Amino acid sequence: MPELPQPAIDPAGLRPATLAVRGGQYRSAFQETSEALYLTQGYVYDRAADAEAAFAEEIERYTYSRYANPTVTTFEERLALIEGAEDCCSTASGMSAVFTTLASLVSSGSRIVAARELFGSSLVVLDDILGRWGVRTDYVRGTDLDQWARALTTPADVVLLESPSNPMQDVLDLPEIARLAHAAGAVVVVDNVFATPVLQRPLELGADVVVYSATKHIDGQGRVMGGAVLGSRDLVRGPLQQMVRNTGPTLAPFNAWVLTKGLETMALRVRAQSAAALDLATWLEEQPGVASVRYPFLASHPQHALARAQMSGGGTVVTMTLERSGGDDEHEKDRAFAFLDALRVIDISNNLGDAKSLVTHPATTTHRRVDPAVRAELGITATTVRLSVGLEDVEDLREDLDAALAVLRGDDRPRAAAKMNP
Ligand SMILES: *Cc1c(COP(=O)(O)O)cnc(C)c1O
């Protein structure tokens, strides 16, 4: 029976930047520098008795890639080391991470308390799918601690939230919500996509489980889908692993390999994108044609102090609301579309966290199916625009935004360009 390879490095005492490039690597007998890609569905046994021992769980080894794959293990171990979590279970997408987590924590009759400011598909999972299975979800306004306190006077099984939220960047008080949730007996699940593992560490702020769409900043270069769930070993290797292994939302080895290499540059990318986002958010706030800007690290943000306390950077997304021109919503939507269409560098796309800057009109795309009354409550209007800031030169992005704002204002020339070419 061949021995399983040992980790290339003992991670004890090493810091996240080091773990991001070295954690979770298992070198094969070829002593390769880069992480190998094990594109295999299955594994072979020298003797039938080895297969029997593997299935009896008497020996630890790989048996089938729906269960485990060495390339997938590397991704999971590396992300767990960066996050400071006991363990990690990867999934095929962010939504399978959210769904598998919830499905392994609830049963018929369970109660979930969730922030209203959730990713669209998460709302479908809670209301339409888990709802059909006898799981009830009560919603609260995430920024209103009184609503949390009231909802959590009744026992709950799970608390689910995102902070900052998509697209309005509400920042939720993680330690206080976790305290209330734990008193109600709930497991606290945080979708940390907007903050990324680089800028916010929910497990240190009281959360029990962190979920990611690895599709976003972990890849960060627009290539593959993926997801991850991080938390205690008991949860991850218990109910969560049972759910993933037997229902099959398994991360593909190729995708795991791409995401592993994404982790090596994630902190550099996210910090650069976050710095550019703060720069653009500060500038956009001053621009004629922009009514308001939502960005956690702007002093004008309603939870600015909380954001500074929980996050080490404001994130890579800037949300702005364009000034209305006095028309009805249809007309204002057309103006927002004209702004998006006028951008030359920044692409129109509903994705985020990419090296390429992307712009979205949430009301007609990502949040189209949200009830209009809830949309209004959250502040998503016909002129709300979400900008995911990439890695381009920030001056090119500024000029692009400036030119598109000039089109809205009906100016002949954008202000930045006018300044450059007097
Ligand atoms: C994108 C996203 C998801 C879903 O991730 P996929 O990889 O698209 O399945 C979940 N939550 C948030 C906050 C997201 O931005």
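Residues numbered from 1 in each chain as written. Predicted model: local features only at pLDDT ≥ 70, side-chain atom pairs only at ≥ 80, totals over all residues. Heavy atoms only, no water.

The protein goes by O-succinylhomoserine sulfhydrylase in an unreviewed UniProt entry, where it is assigned to Georgenia muralis. Quoted straight from UniProt, the Pathway (unreviewed entry) entry for the protein says "Amino-acid biosynthesis; L-methionine biosynthesis via de novo pathway; L-homocysteine from O-succinyl-L-homoserine: step 1/1." According to the UniProt record, the Sequence similarities (unreviewed entry) comment for the protein reads "Belongs to the trans-sulfuration enzymes family. MetZ subfamily." (UniProt positions renumbered as here; feature names shortened; annotations may be inferred.)

Novice: Which residues make up the site of the ligand, and what values go with them?
Specialist: Near the ligand you find Ser93, Gly94, Met95, Phe119, Glu162, Asp191, Val193, Ser213, Thr215, Lys216, Met225 and Gly226, and these make up its full shell. Here an oxygen atom of the ligand and a backbone polar atom of methionine 95 are 2.8 Å apart. Within the contact set of the ligand, an oxygen atom lies 2.6 Å away from a side-chain nitrogen or oxygen of threonine 215. For the ligand, whose accessible area on its own is 380 Å², the fraction buried by protein is 92%. Split into classes, the residues belonging to the shell around the ligand amount to 4 nonpolar, 5 polar and 3 charged. (Near = heavy atom within 4 Å. Polar contact = N/O pair within 3.5 Å; in protein donor to acceptor, adjacent residues only side chain to side chain. Areas by Shrake-Rupley, 256 points an atom, 1.4 Å probe, with all protein chains shown as cover. Nonpolar A, V, L, I, M, F, W, Y, C, P; charged D, E, K, R; others polar.)

Novice: Account for the UniProt feature "modified residue: N6-(pyridoxal phosphate)lysine" (unreviewed entry) in the protein, with residues named and values stated.
Specialist: Following the UniProt record, one finds the feature "modified residue: N6-(pyridoxal phosphate)lysine" (unreviewed entry) at Lys216. Mapping lysine 216 onto the fold places it in the loop between strand 6 (209-213) and strand 7 (227-231). Residue classification places lysine 216 among the buried residues on the basis of a relative accessible area of 12%. Those residues in contact with lysine 216 that lie beyond four places of it in its chain are Phe119, Val193, Asn351, Leu352 and Gly353. (Helix = DSSP H or I, 4+ residues; strand = E, 2+ residues; numbered from the N terminus. Buried < 20%, exposed > 50% of the residue type's maximum accessible area, 1.4 Å probe, protein only. Contact = heavy atoms within 4.5 Å.)

Novice: Explain the sheet that holds strand 7 to me, and be specific about the residues and the numbers.
Specialist: As summarised here, the arrangement of the 7 strands in space is 1-7-6-5-4-2-3, forming an open sheet in which the pairing is mixed. Two strands close off the open sheet at either side, each with one partner strand: strand 1 (87-91) and strand 3 (136-140). Each strand axis lies, on average, 20 degrees off the axis of its neighbour in the sheet, ignoring direction. Bridging between strand 5 (residues 187-191) and strand 6 involves 3 bridges; their strand directions are parallel. Of the residues in strand 6, the one forming a bridge with valine 189 is valine 209. (Pairing = 2+ DSSP bridges. Axes fitted to C-alpha atoms, helices over the stretch in contact; angles between N-to-C directions.)

Novice: Now, about the domain arrangement of the protein: what can you tell me, with residues and values included?
Specialist: You can read the domains of the protein as domain 1 (65-262) and domain 2 (265-409). Taken over C-alpha atoms, the centre of domain 1 sits 25 Å from the centre of domain 2. Contacts between the two partners involve 37 residues from domain 1 and, on the opposite side, 37 residues from domain 2. In this assembly, domain 1 packs against domain 2 so that about 3200 Å² is buried in total across both faces, 60% of it on carbon and sulfur atoms. Summed over the three residues of domain 1 that lose the most area to domain 2, namely Met168, Leu199 and His217, the buried surface amounts to 23% of that side. Applying the counting rule to domain 1 against domain 2 returns 3 salt bridges. A salt bridge links arginine 116 to glutamate 377; its shortest N-O distance comes to 3.8 Å. For the interface between domain 1 and domain 2, the tally reads 22 residue pairs in polar contact (both at pLDDT 80 or more). Those elements giving two or more residues to the side of domain 1 that touches domain 2 turn out to be helix 7 (174-183), helix 8 (196-199) and helix 10 (253-285). (Domains from an automatic or database assignment. Buried area = accessible area lost by both parts, 1.4 Å probe. Salt bridge = Lys/Arg side-chain N within 4 Å of Asp/Glu carboxyl O.)

Novice: How would you sum up the pattern of salt bridges? Please name residues and give values.
Specialist: The tally for this structure, following the rule as stated, stands at 23 salt bridges. Notably, a salt bridge pairs aspartate 87 with arginine 233, separated by 3.0 Å at the nearest N-O pair. Pair noted here: aspartate 87 is in strand 1 and arginine 233 is in helix 9 (residues 233-247), with a separation of 146 residues, a long-range link. Residue arginine 233 is classed as partly exposed on the basis of its relative accessible area, which comes to 43%. Between arginine 294 and aspartate 170 there is a salt bridge, with its nearest N and O atoms 3.2 Å apart. Of the two residues, arginine 294 sits in strand 8 (residues 290-294) while aspartate 170 sits in the loop between strand 4 (158-162) and helix 7, which places them 124 residues apart along the sequence. Judged by relative accessible area, aspartate 170 falls into the buried class, the value being 2%. Within this structure, Arg116, Glu117, Arg141, Asp170, Arg294 and Glu377 form a network of salt bridges that share partners.

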